[in-house]
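# Descriptive structure summary
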Amino acid sequence: MGGLAGFTLGQLAHALGASLEGDAARVVTGVAPLESAGPDDVSFLTDPRYRAAAEASRAGAFVAGVGVTGLPAPVLRVAAPQQAMIDLVLLFHPIPAVVAGVHRSAVVAPDACVDATAAVGPLAVVEAGARVGAGVLVSALVYVGAGVEIGDGCRLEPHVTLLTGTRLGRRVLVHSGTVIGADGFGFAFDGGQHRKIPQTGGVVIEDDVEIGANCAIDRATFGDTIIRRGTKIDNLVQIGHNVEVGEHSILVSQVGVSGSSRLGRGVVLAGQVGVADHVTVGDGALVGAQAGVPSDLEGGGRYLGTPARPLLEAKRIFAAESRLPELLQRVRALERAVAALGGAPGAKAADDA
């Protein structure tokens, strides 16, 4: 179906499970956002807020939800436009298949187990006792430490480092520059120096996790640091030793989670959130950008600020803070008025005594 010549709208309707309003024989050769799409592109309306942009778009066809009318080109109507958009992009830009084989410049230990369907790229290193599963992509310059386990279908982009004690489940995607399994940050001062606490544990990354570029996930002191299945981690995130991140959580760029903290299922930490050590964040909690979390948060709530407070309370505090200069001027004016009437009431009473 499709190919370099593109797809007919009929083909796209079949692939997306969409109902088509328009010419099934019409061909589109690309997919593009509303603002830049041309007559040969199919675009998508995933949110009613972008209705005006869709009406002004030059796209040759649209993917849109039920009830959207008045668009200036044929419509592929679906129940879930955002999910259909993902499928649409993958049709035009499929993920390249893994080409099995070990590059001649790669270094693979004799006792490492690399599945025959896996690919090990140029200058990659796979150390003793490591296991690389079926269909895995180990890209150029990746380092796989001794005894590391990589489950079926994982993809490691260039310059990923997996150190001893790391275990990846299936279909894990790790982007360039990320280091998994470095020592946790643990020291004890003996009066003269900071002595390093040995970090003897590991890291477990469960199925279907994606980890962005230049992240650091530290090995545990004892036991494992654990990232549960389905979690998605943005670039530049730091996860300390013995942390556990629950299933299907979202950690946005520059988040830092200190050692031994627990994030529940479906937690969202927006950009630059900092979580102190030994803190528990309950299931489904959403913590807004740049918040600081020094203590436990209940599940299901929305939090903001430092220290993180319930959203409405934090907004009231922010609103009050913006009025502090004005309130300070009013307090000083009141103090002057009181002084003009004979001084502060407390001072007057003392004089009378």
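This one's a predicted model, so the numbers in the text were calculated from it and none came from an experiment. (Residues numbered from 1 in each chain as written. Predicted model: local features only at pLDDT ≥ 70, side-chain atom pairs only at ≥ 80, totals over all residues. Heavy atoms only, no water.)

### Some thoughts on the overall build of the protein chain
Heads up, the condition is: Helix and strand assignments come from DSSP, with helices taken as H or I runs of at least 4 residues and strands as E runs of at least 2, each series counted from the N terminus. With C-alpha atoms as the basis for the radius of gyration, the globule rule is written as 2.2 Å multiplied by the number of residues raised to the power 0.38. The buried label goes to any residue with under 20% of its type's maximum accessible area, the exposed label to any with over 50%, and the partly exposed label to all in between, with areas taken from a 1.4 Å probe on protein chains only. Only the protein chains shown count as cover for residues, with accessible areas throughout obtained via the Shrake-Rupley method and a probe of 1.4 Å. Counted charges follow a simple rule, with Lys and Arg positive, Asp and Glu negative, and His plus the chain ends left uncounted. Each charge is placed at NZ for Lys, CZ for Arg, CG for Asp and CD for Glu.
The helix and strand inventory of the protein chain stands at six helices and 40 strands. Rg of the C-alpha trace for the protein chain: 28 Å, well past the compact-globule value of 20 Å for 353 residues, more than 25% over. Principal-axis analysis of the C-alpha atoms places the extent of the protein chain at approximately 100 × 70 × 30 Å. Across the 353 residues that make up the protein chain, the buried fraction comes to 39%. Looking at the protein chain as shown, the accessible area adds up to about 18200 Å², and 57% of this sits on carbon and sulfur atoms. Of note, the protein chain has its 28 positive side-chain charges centred 4 Å away from the centre of its 35 negative side-chain charges.

### Quick look at the sheet that holds strand β2 (residues 19-21)
Strands pair in a sheet through their backbones, by hydrogen bonds, and they do so in one of two ways: parallel or antiparallel. Threshold: For two strands to be treated as a pair, DSSP must find no fewer than two bridges joining them.
Reading across the sheet, the five strands line up as β2-β7-β6-β5-β4 and stay open at both edges, with mixed pairing between neighbours. Across the chains shown, the open sheet's two edge strands, defined by having one partner strand only, are β2 and β4 (30-31). Taken together, the two bridges between β4 and strand β5 (residues 41-44) define a ladder with parallel strand orientation. When the bridges of β5 are listed, glycine 30 appears paired with aspartate 41.

### Thoughts on helix α1 (residues 9-16)
Our working definition: Throughout, the arc means that of the directions going from the helix axis to the C-beta atoms.
What α1 keeps buried is the set Leu9, Leu12, Ala13 and Leu16. Considered in projection along α1, the buried side chains sweep an arc of 100° and stay on one side of the axis. Immediately beyond the C-terminal end of α1, within one or two residues, lies glycine 17, with a positive phi of roughly 65°.

### A closer look at the pattern of salt bridges
Stated formally: We define a salt bridge as a side-chain nitrogen of Lys or Arg found within 4 Å of a carboxyl oxygen belonging to Asp or Glu.
Following the criterion strictly, the structure yields 14 salt bridges and no others. The partner of arginine 171 in a salt bridge is aspartate 208, with the nearest N and O atoms 2.6 Å apart. Of the two residues, arginine 171 is situated in the loop between β19 (166-168) and β20 (173-174) and aspartate 208 in the loop between β24 (202-205) and β25 (210-211); the sequence distance between them amounts to 37 residues. Exposure remark for arginine 171: the relative accessible area of 41% places this residue in the partly exposed category.

### Quick word on the environment of isoleucine 150
Quick note on the threshold: Only heavy atoms enter the contact rule, under which two residues are in contact if any of them lie within 4.5 Å.
Residue position: isoleucine 150 is located in strand β16 (residues 149-150). On the basis of relative accessibility, which here comes to 5%, the residue isoleucine 150 falls in the buried class. Isoleucine 150 sits 17 residues away from glycine 133 along the chain, and the two C-alpha atoms are 5.8 Å apart. Discounting chain neighbours no more than four positions away, the residues touching isoleucine 150 are Arg131, Val132, Gly133, Val136, Val144, Leu156, Leu162 and Leu168.

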